Amino acid sequence: MENIIYTYGQKVYFNLTNKCPCNCEFCIRHNENGLGDMGSLWLDHEPSVEEIKDAVDNFDFTGYTDIVFCGFGEPTCALDKLIETAKYLKTKKDFTIRINTNGLSDLINNTEDSSKLMEGVIDVVSISLNASDAKKYNEIVHPVYGEKAFDAMIKFAKDCKKHVKSVKMTVVDTIGEEEIEKCRRLCSENGIDLRVRTYIK
Ligand code: SF4
């Protein structure tokens, strides 16, 4: 099946699902005219674990050590498959495995602490913070869960710190200096690194 695995720069990316419970203002999925090659990342169906493992077996990882689970959809919408794939990958090579996530895994998977599953399997979790409070967050992200999403995302980030070596939160540089500073304070209070990303249209 095409589109499960692709490369960008020096990393190998895994695309396991189209699903996402959010509707971010800046989501590349909205940009139908400007998707370019990314348009081909829509999956015609959600791959099974067997299909993913088959894709892994047929991919040449020579020269690659970094794996990223990210879009097109939210990777934790396929959490069980993600964890099983990550475990499988670790049997092949000592990859560094990262998840780029909206941090809503506990709400998506209706569980108290999904980060426990990541222990010893996932090396880096990068969570999109997007904003400094629930109101602003919802204006950008529009999660189906309403305002409880923001607190759930912060809790997930703190839980990840117990189970994952490296946890980062990210914002884009277009939200303004004042808002970036508030996000920096929020991350600092929770002992999490903040990365300010350049917004790419
Ligand atoms: S969380 Fe990610 S995939 Fe989902 S709408 Fe936002 S940017 Fe798009």
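Positions within a chain are numbered from 1, following the residues in the order the chain's sequence is written. Whole-chain, interface and lining totals are the exception, using all residues; otherwise, since this is a predicted model, local features are given only for residues with pLDDT of at least 70 and side-chain atom pairs are given and counted only at 80 or more. Computation of side-chain values: all heavy atoms of the structure, hydrogens and water removed.

(A) Summary view of the site of the ligand. What makes a residue near a molecule or strand is one non-hydrogen atom of that residue sitting within 4 Å of it. For the ligand, the full set of nearby residues is Cys20, Cys22, Asn23, Cys24, Phe26, Cys27, Arg29, Phe72 and Asn102. Residues are sorted three ways: Asp, Glu, Lys and Arg are charged, Ala, Val, Leu, Ile, Met, Phe, Trp, Tyr, Cys and Pro are nonpolar, and all the rest, Gly among them, are polar. Taken together, the residues of the shell around the ligand sort by class into six nonpolar, two polar and one charged.

(B) Highlighting the packing of aromatic side chains. Note on aromatic contacts: the rings of Phe and Tyr and the six-membered ring of Trp form a pair at centre separations within 6.5 Å, being stacked when their planes are under 30 degrees apart, edge-to-face when over 60 apart, and tilted otherwise. The final tally for this structure, using the stated rule, is seven aromatic pairs. Taking 5.4 Å as the distance between ring centres and 15 degrees as the angle between the ring planes, the aromatic pair formed by Tyr6 and Tyr13 counts as stacked. We call a residue buried when its accessible area falls under 20% of the maximum for its residue type, exposed when it is over 50%, and partly exposed in between, using a 1.4 Å probe and counting protein chains only. Overall, the relative accessible area of 12% leaves Tyr13 in the buried class. The interplanar angle of 65 degrees and the centroid separation of 5.5 Å between the aromatic rings of Tyr137 and Phe150 together place this pair among those described as edge-to-face. Of this pair, Tyr137 sits in helix α4 (residues 134-141) while Phe150 sits in helix α5 (residues 148-163), and the two are 13 residues apart along the sequence. Linked through ring pairs, Phe59, Phe61, Tyr64 and Phe95 together constitute an aromatic cluster. The secondary structure listing takes helices from DSSP runs of H or I that are at least 4 residues long and strands from runs of E that are at least 2 residues long, numbered from the N terminus.

(C) Inspection of the pattern of salt bridges at higher detail. By salt bridge we mean one thing: a side-chain nitrogen of Lys or Arg within 4 Å of a carboxyl oxygen of Asp or Glu. Applying the stated criterion to the full structure yields 14 salt bridges. Notably, a salt bridge pairs Lys81 with Glu46, separated by 3.2 Å at the nearest N-O pair. On the criterion of sequence distance, the pair formed by Lys81 in helix α2 (residues 79-92) and Glu46 in the loop between β2 (11-14) and α1 (49-57) is long-range, its members being 35 residues apart. The salt bridge partner of Asp159 is Lys162, with a shortest N-O separation of 3.1 Å. Separated by three residues within a single helix, Asp159 and Lys162 lie in helix α5, roughly one turn from each other. Through salt bridges with shared partners, a single network forms among Asp106, Lys155, Asp159 and Lys162.

(D) View of α2. Here, expected helix span is obtained from the residue count minus one, scaled by 1.5 Å. Spanning 14 residues, α2 covers 20 Å between terminal C-alpha atoms, matching the ideal 20 Å at 1.5 Å per step. Taken residue by residue, α2 has Leu79, Leu82, Ile83, Thr85, Ala86, Tyr88 and Leu89 as its buried positions.

(E) Inspection of the nonpolar core at higher detail. Side-chain atoms within 4.5 Å link the members of a nonpolar core, which is a set of buried Ala, Val, Leu, Ile, Met, Phe, Trp, Tyr and Cys residues. In this structure, Phe14, Met118, Ile122, Leu129 and Met169 are the most contacted members of the largest nonpolar core, which totals 54 residues. Residues in contact with Met169, not counting those within four places in the same chain, are Ile127, Leu129, Met153, Ile154, Ala157, Cys187, Ile192, Asp193, Leu194 and Arg195. Working rule for contacts: check all heavy atoms of both residues, and any pair within 4.5 Å makes them a contact.

(F) The arrangement of the environment of Thr17 in detail. Along the chain, the position of Thr17 falls in the loop between β2 and α1. In sequence terms Thr17 and Lys168 are 151 residues apart; their C-alpha atoms lie 22 Å from each other. The contacts of Thr17, once residues within four sequence positions are left out, are Leu43, Glu46, Phe72, Gly73, Glu74, Pro75, Cys77 and Ala78. In the analysis that follows, any N or O atom pair within 3.5 Å is treated as a polar contact, provided that within protein one partner can donate a hydrogen and the other can accept it, and provided that, for residues neighboring in sequence, both atoms belong to side chains. Here the side chain of Thr17 touches Lys19 through a polar contact of 3.0 Å, landing on its backbone nitrogen. In this structure the side chain of Thr17 is engaged in a polar contact, spanning 2.6 Å, whose partner is the side chain of Glu46.

(G) Spatial organisation of the sheet that holds β2. Strand order in the open sheet formed by seven strands is β1-β2-β3-β4-β5-β6-β7, and the pairing between neighbours is mixed. Here the strands that pair on one side only, and so sit at the sheet edges, are β1 (5-8) and β7 (193-197). Adjacent strand axes in the sheet meet at a mean angle of 25 degrees when their direction is disregarded. With four bridges joining them, β1 and β2 adopt antiparallel strand pairing. The partner of Ile5 across the bridge, within β2, is Phe14. Lines are fitted to the C-alpha atoms to define the axes, a helix being fitted only along its stretch in contact, and any angle between axes, read from their N-to-C directions, falls within 0 to 180 degrees. The sheet contacts of α2 involve β2, β3 (66-69) and β4 (96-101), and relative to β3 the element is tilted by about 175 degrees. At least two DSSP bridges between two strands are needed for those strands to be called paired.

(H) Examining the packing of α1 against α2 more closely. Packing of α1 against α2 brings their axes to within 10 Å, and their N-to-C directions diverge by 30 degrees. Relative to α2, the element α1 lies roughly parallel. Handedness of the crossing formed by α1 with α2: right-handed. The residues of α2 that touch α1, namely those facing Val49, Ile52, Lys53, Val56 and Asp57, are Lys81, Glu84, Thr85, Tyr88, Leu89 and Lys92. Tallied by class, the residues present in the contact of α1 with α2 amount to five nonpolar, one polar and five charged. Angular relationships are summarised with four words: roughly parallel below 35 degrees, roughly antiparallel beyond 145, roughly perpendicular across 65 to 115, and oblique for the angles in between. Should the near helix be turned anticlockwise from the far one by less than a right angle, the crossing is left-handed, and should it be turned clockwise, the crossing is right-handed.

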